[in-house]
Each structure stands twice: as structure tokens, then as C-alpha cells.
Amino acid sequence: QQTLSFEEGSISPKAELSQVAWMEGHWRGEAFGGITEEIWSPPLGGSMMFSFKLVADGKVTFYELGHIRQVDETLVFQLKHFGADLKGWEEKDETVSAKLVKVEENRLYFDDFTFEKISDDEINIYVVIEEAGKSEEVQFNYERVAK
């Protein structure tokens, strides 16, 4: 297992966006029977913004928009899902929000999400996906398309 869970009552470690700035760039991989794409902006204004899309059978299946943002002396990862028609999955004011659990040189562990730097041109993102009462950890392997 490559992910960690945030234990209620614990405190997120100190961290800064510079520790995850290696995510910046345009990344592409394969998952869920299609092509996955993520584009991460450089740190600006206390956050790094990203967009994600899954394309299967030549069509967009869904999108995600989100960010890693500086909150006090730590980081928080937040996202929202959207269908191919940009209709949101979460309620209007709801987000998927993950607190920082642990920081290593080439890994940041958020609650059920791990960002891993393999090299300047390859990253992995591990996500715990819950569906029908079951949890499964999914690995997204990405190669850099452009910086």
C-alpha cells in the first residue's frame, strides 16, 4: 500500500509548496481503460492548481479541478469532479479535501492520496477510491508531456 490515512486528532506536518513544485507541468498516462492527463501550474498565490481529464473511446469521461494550497504552515489537497458536460459531482459547496499526513524527499502523503516523484519526467499518484462500500488503491503513472 502506497497511501496513508489521516488519523483524526493528529496534526499535519509543516510543509511548503516548494516541496511539491516538481509536480508542475503537463503529464499523461493510462488508467480506467483510457488516457489520463494532468496539468499542474507552478506555485502562485499560495497554491498549485491542476486540471485532470480521462479520455476513453475518444471521448472525455470526466474532469477534476483542484489545487494543493498552503494553509498556515502546512498543505491541503482539494478537488472537485465534473462530468464531460461540466456538471459537478459534488454538491455546490463541497470538495474532496485531504489533509497532509507525511512528507518525504520525493513523496507527499495526503489522506488517501500520495504524490511520488520518480524522476524529472515521471511521477506516480496513488489514490484510494471507494465504490459500493469497497476501497481500492489505484496507481496513476504519468510521463511528462511538457514543462
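Shown above is the structure to which this text applies.
Since the structure is predicted, the reported quantities are computational estimates derived from the model, not experimental observations.

Calculation notes
- Residues numbered from 1 in each chain as written.
- Predicted model: local features only at pLDDT ≥ 70, side-chain atom pairs only at ≥ 80, totals over all residues.
- Heavy atoms only, no water.
- Buried < 20%, exposed > 50% of the residue type's maximum accessible area, 1.4 Å probe, protein only.
- Helix = DSSP H or I, 4+ residues; strand = E, 2+ residues; numbered from the N terminus.
- Pairing = 2+ DSSP bridges.
- Contact = heavy atoms within 4.5 Å.
- Polar contact = N/O pair within 3.5 Å; in protein donor to acceptor, adjacent residues only side chain to side chain.
- Salt bridge = Lys/Arg side-chain N within 4 Å of Asp/Glu carboxyl O.
- Phe/Tyr/Trp six-rings, centres within 6.5 Å; stacked < 30°, edge-to-face > 60°.
- Lys, Arg positive; Asp, Glu negative; His and termini not counted.

Trainee: Could you give an account of the pairing of strand β2 (residues 34–40), with specific residues and numbers?
Mentor: With respect to burial, β2 is a largely interior element, five of its seven residues being buried. Of the pairings in the sheet, the one linking strand β1 (residues 25–31) to β2 comprises seven bridges and is antiparallel in character. Note that in β2 the partner of His26 across the bridge is Ile39. With antiparallel pairing between neighbouring strands as the criterion, β1 and β2 make up a hairpin whose turn holds two residues, including Phe32 at a positive phi of roughly 50 degrees.

Trainee: Tell me about the environment of Asn141, and name the residues and values.
Mentor: Summarising the element assignment, Asn141 is placed in strand β10 (residues 134–146). With near-sequence residues (within four places) excluded, Asn141 lies in contact with Arg28, Gly29, Glu30, Glu122, Ile123 and Asn124. There is a polar contact of 2.8 Å between the side chain of Asn141 and the side chain of Glu122.

Trainee: Quick rundown of the pattern of salt bridges? Include the residues and the values.
Mentor: This model, assessed by the stated rule, comprises seven salt bridges. Of the charged contacts, one joins Arg28 and Glu37 as a salt bridge, the two residues approaching to 2.8 Å between their closest N and O atoms. As a salt-bridge pair, Lys117 and Asp120 come within 3.1 Å of each other at their nearest N and O atoms. Of the residues examined, Lys117 reaches a relative accessible area of 24% and is grouped as partly exposed. Taking the relative accessible area as the measure of exposure, Asp120 reaches 53% and is therefore exposed. By sharing partners, the salt bridges in this structure join Arg28, Glu37 and Lys53 into a single network.

Trainee: How would you summarise the packing of aromatic side chains if you had to cite specific residues and measurements?
Mentor: For the structure on display, the rule yields twelve aromatic pairs. Both rings, one in Phe77 and one in Phe110, keep their centres 5.9 Å apart while their planes meet at 45 degrees; by these two values the pair is tilted. Of this pair, Phe77 sits in strand β5 (residues 74–83) while Phe110 sits in strand β7 (residues 107–110), and the two are 33 residues apart along the sequence. Both residues of the pair, Phe77 and Phe110, belong to the buried class. With centroids separated by 6.4 Å and ring planes inclined at 10 degrees, the aromatic side chains of Phe140 and Tyr142 adopt a geometry described as stacked.

Trainee: Quick rundown of the environment of Thr74? Include the residues and the values.
Mentor: Along the chain, the position of Thr74 falls in strand β5. Residues Thr74 and Trp40, spaced 34 residues apart in sequence, show a C-alpha to C-alpha distance of 19 Å. A polar atom in the side chain of Thr74 sits 2.7 Å from the backbone oxygen of Pro13.

Trainee: If you had to explain the side chain of Asp112 to someone new, which residues and values would you point to?
Mentor: Inspection of the secondary structure assignment puts Asp112 in the loop between β7 and β8 (113–119). The side chain of Asp112 is buried and forms no salt bridge, while Arg107, the nearest opposite charge, is found at 13 Å. Sequence-distant contacts of Asp112, defined by excluding residues within four places in its chain, comprise Thr3, Leu4, Ser5, Tyr126, Val127 and Val128.

Trainee: Give a detailed account of the pairing of strand β6 (residues 96–104), specifying residues and quantitative values.
Mentor: By the bridge criterion, four bridges tie β5 to β6 in an arrangement that is antiparallel. Each residue of the ladder has a partner; that of Val76, found in β6, is Lys99. Two elements, β6 and β7, share four bridges in a ladder whose sense is antiparallel. Within β7, the residue paired with Glu104 across the bridge is Arg107. Linkage of β6 to β7, two consecutive antiparallel strands, is achieved through a turn of two residues.

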